[in-house]
Amino acid sequence: MEKIFICGIGGLVGSKLVELCKDKFETFGSFNLRDPNFNNVKSFQLDITNHEKLQHIIKETRPDIIINATALNNVDYCEEHENEANEVNVKAVSILSEISNLLNIKLVHLSTDSVFDGTKKEAYHELDHPNPINNYGRSKLLGENEVLEFKNNLVVRASVLYGWLPKSLSSQKTSSLKQINFAQWLISKLKLKEKVNITSEEFSSPIIADDFAKSILHLILNKKSGIFHSAPSLCINRYDFSIKLANYLNLDSSLIIPTTTEKLGRGVTTANNKCLNSTKLINTNYKFLTLDESFALIKQQMLI
Ligand SMILES: NC(=O)c1ccc[n+]([C@@H]2O[C@H](COP(=O)([O-])OP(=O)(O)OC[C@H]3O[C@@H](n4cnc5c(N)ncnc54)[C@H](OP(=O)(O)O)[C@@H]3O)[C@@H](O)[C@H]2O)c1
């Protein structure tokens, strides 16, 4: 059985990856602040910016594949703390990349639509020129470059990610400084009957974390390398997406008020077009979940 090491097993995507991998691989993982306590997974506490410990754990476990699901992905925080963002999103990735190359390990790295500036009129392809407009995007692009220095490695970019993280994890502090994702935040507000202002200007191709994790495993099992976009074929603004989710869950969608990104007073420049074209992945025989299938999954997970 091949060995896989997942960095960031307490995160939204990391935790879904563990669930998918633990029957197929001998599975190892690391967490920093949030320990998910998975059965059958040998896990390590690791601050990924501790290079010595990182190298030691990888040398000890000697996996065949590493998936890096860690990131400092609070965009506002990254804007104010560029060095910290670079420590997690670039420097640690560079160390991971070097050690993986040295030990002949395939490195799979997760990235983002934020490497693009959002000025394109259509969805972005893998070969489109990246031009990040904030520190988060810049650090993620530099991280990608570290990984892609070695031919066998894989980078998988998601657009907006959403999903359901169990209370045991969503209530814990995390070093990513993004405790819950957009959908989970929205559901909690609507359940409390609170009004929310949501931008109708930002378009993206939202993907549920479960499907994103499944697509990553599909690419690994099909021995793919290079860059892949992973997002369903839809380009929807955040307001419309929120209305659809609320309606599906029978929550009061009249509490969702459309607004502009500027009125939300976001300090950080964000791109208005974050849509991704995933034809390259679809052509490998991958079928994304539809919005309704994804919402059904959330509904089911909310009950657990
Ligand atoms: N969320 C989105 O909308 C989105 C969109 C596109 C792409 N992405 C990318 O998808 C990937 C996964 O994101 P996600 O949504 O699953 O994020 P998440 O739920 O916030 O999880 C991030 C993980 O990073 C870990 N981490 C952060 N700093 C660390 C450090 N110094 N040492 C060790 N671990 C550290 C956290 O560990 P602890 O919790 O244990 O502290 C956590 O497990 C990231 O590469 C992100 O850039 C995310």
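First things first, this report covers the structure right here in the doc. (Residues numbered from 1 in each chain as written. Predicted model: local features only at pLDDT ≥ 70, side-chain atom pairs only at ≥ 80, totals over all residues.)

**What to know about the overall build of the protein chain**
Within the protein chain one finds 11 helices and 14 strands. Expected size for 304 residues packed as a compact globule is a radius of gyration near 19 Å; at 18 Å, the protein chain falls within 12% of this value. The C-alpha extent of the protein chain, read off along each of the three principal axes, is 55 × 40 × 40 Å. (Helix = DSSP H or I, 4+ residues; strand = E, 2+ residues; numbered from the N terminus. Rg over C-alpha atoms; globule rule 2.2 N^0.38 Å.)

**So, the site of the ligand**
Among the 31 residues in the neighbourhood of the ligand, the closest are listed as G8, G11, T174, S175 and S176. For the shell around the ligand, the secondary-structure elements that each account for two or more residues are α1 (12-21) and β5 (106-112). Among the elements that make up the shell around the ligand, the one with the highest residue count is α1 (3 residues). For the shell around the ligand, the residue count by class is 14 nonpolar, 13 polar and 4 charged. (Near = placed C-beta within 6 Å. Nonpolar A, V, L, I, M, F, W, Y, C, P; charged D, E, K, R; others polar.)

**Focus: the sheet that holds strand β4 (residues 65-68)**
Across a sheet, strands are paired by hydrogen bonds formed along the backbone, either parallel or antiparallel in direction. If you walk across this open sheet you meet the 7 strands as β3-β2-β1-β4-β5-β6-β11, and the pairing is parallel. Looking along the sheet, the strands with just one partner apiece sit at the ends: β3 (42-45) and β11 (226-230). For this sheet, the mean angle separating the axes of adjacent strands, direction not counted, is 20°. By the bridge criterion, 4 bridges tie β4 to β5 in an arrangement that is parallel. The partner of I66 across the bridge, within β5, is L107. Those strands touched by helix α2 (residues 51-61) are β1 (3-7), β2 (26-31) and β3, and its axis lies near 160° from that of β1. Those strands touched by helix α8 (residues 209-221) are β4, β5, β6 (154-158) and β11, and its axis lies near 155° from that of β6. (Pairing = 2+ DSSP bridges. Axes fitted to C-alpha atoms, helices over the stretch in contact; angles between N-to-C directions. Contact = placed C-beta atoms within 7 Å.)

**Some words on the packing of α1 against α8**
Where α1 meets α8, the closest approach of the two axes is 9 Å, and the angle between their N-to-C directions is 55°. Comparing the axis directions of α1 and α8 gives the class oblique. Seen from above, α1 lies across α8 with right-handed handedness. For the pair α1 and α8, the contacting residues are L12, V13, K16, L17, L20 and C21 in the first and A209, D210, F212, A213, K214, I216 and L217 in the second. Taken together, the residues that form the contact of α1 with α8 break down as 10 nonpolar, no polar and 3 charged. (Parallel < 35°, antiparallel > 145°, perpendicular 65-115°, else oblique. Left-handed = near helix turned anticlockwise from the far one by under 90°.)

**Here's the deal with the nonpolar core**
Core analysis: the biggest nonpolar cluster contains 74 residues, and I6, V13, L17, L161 and I216 have the highest contact counts within it. The dominant element in this core, judged by the number of residues it contributes, is α8, at 6 residues. In this structure L17 touches I6, I67, A69, A213 and I216, once residues within four positions along its chain are discounted. (Core = buried A, V, L, I, M, F, W, Y, C linked by C-beta atoms within 7 Å. Buried ≥ 20, exposed ≤ 12 C-beta atoms within 10 Å, placed from the backbone.)

**A word on helix α4 (residues 82-102)**
Helix length check: α4, at 21 residues, gives a terminal C-alpha distance of 29 Å against a target of 30 Å (1.5 Å per residue), a fit within 8%. If you look at α4, its biggest bend is around 30°, right at V88. A85, N86, V88, N89, A92, V93, L96, S97 and S100 are the residues of α4 that are buried. The secondary structure elements touched by the buried residues of α4 are α2, β4, α3 (75-80), β5 and α5 (135-147). Phi turns positive, to about 60°, at N104, one or two residues after α4. (Expected span 1.5 Å × (residues − 1). Bend = angle between axes of the 7 residues up to and from the residue.)

**Comments concerning α8**
End to end, α8 covers 18 Å across 13 residues, agreeing with the expected 18 Å (1.5 Å per residue, within 8%). Buried residues of α8: A209, D210, D211, F212, A213, S215, I216, L219 and I220, and no others. Following α8 by one or two positions, K223 has its phi on the positive side, about 55°.

**Re the environment of S278**
If you trace the backbone, S278 turns up in the loop between β14 (273-274) and α10 (279-282). Each C-alpha atom of the pair S278 and L249 lies 27 Å from the other, and the pair is 29 residues apart in sequence.

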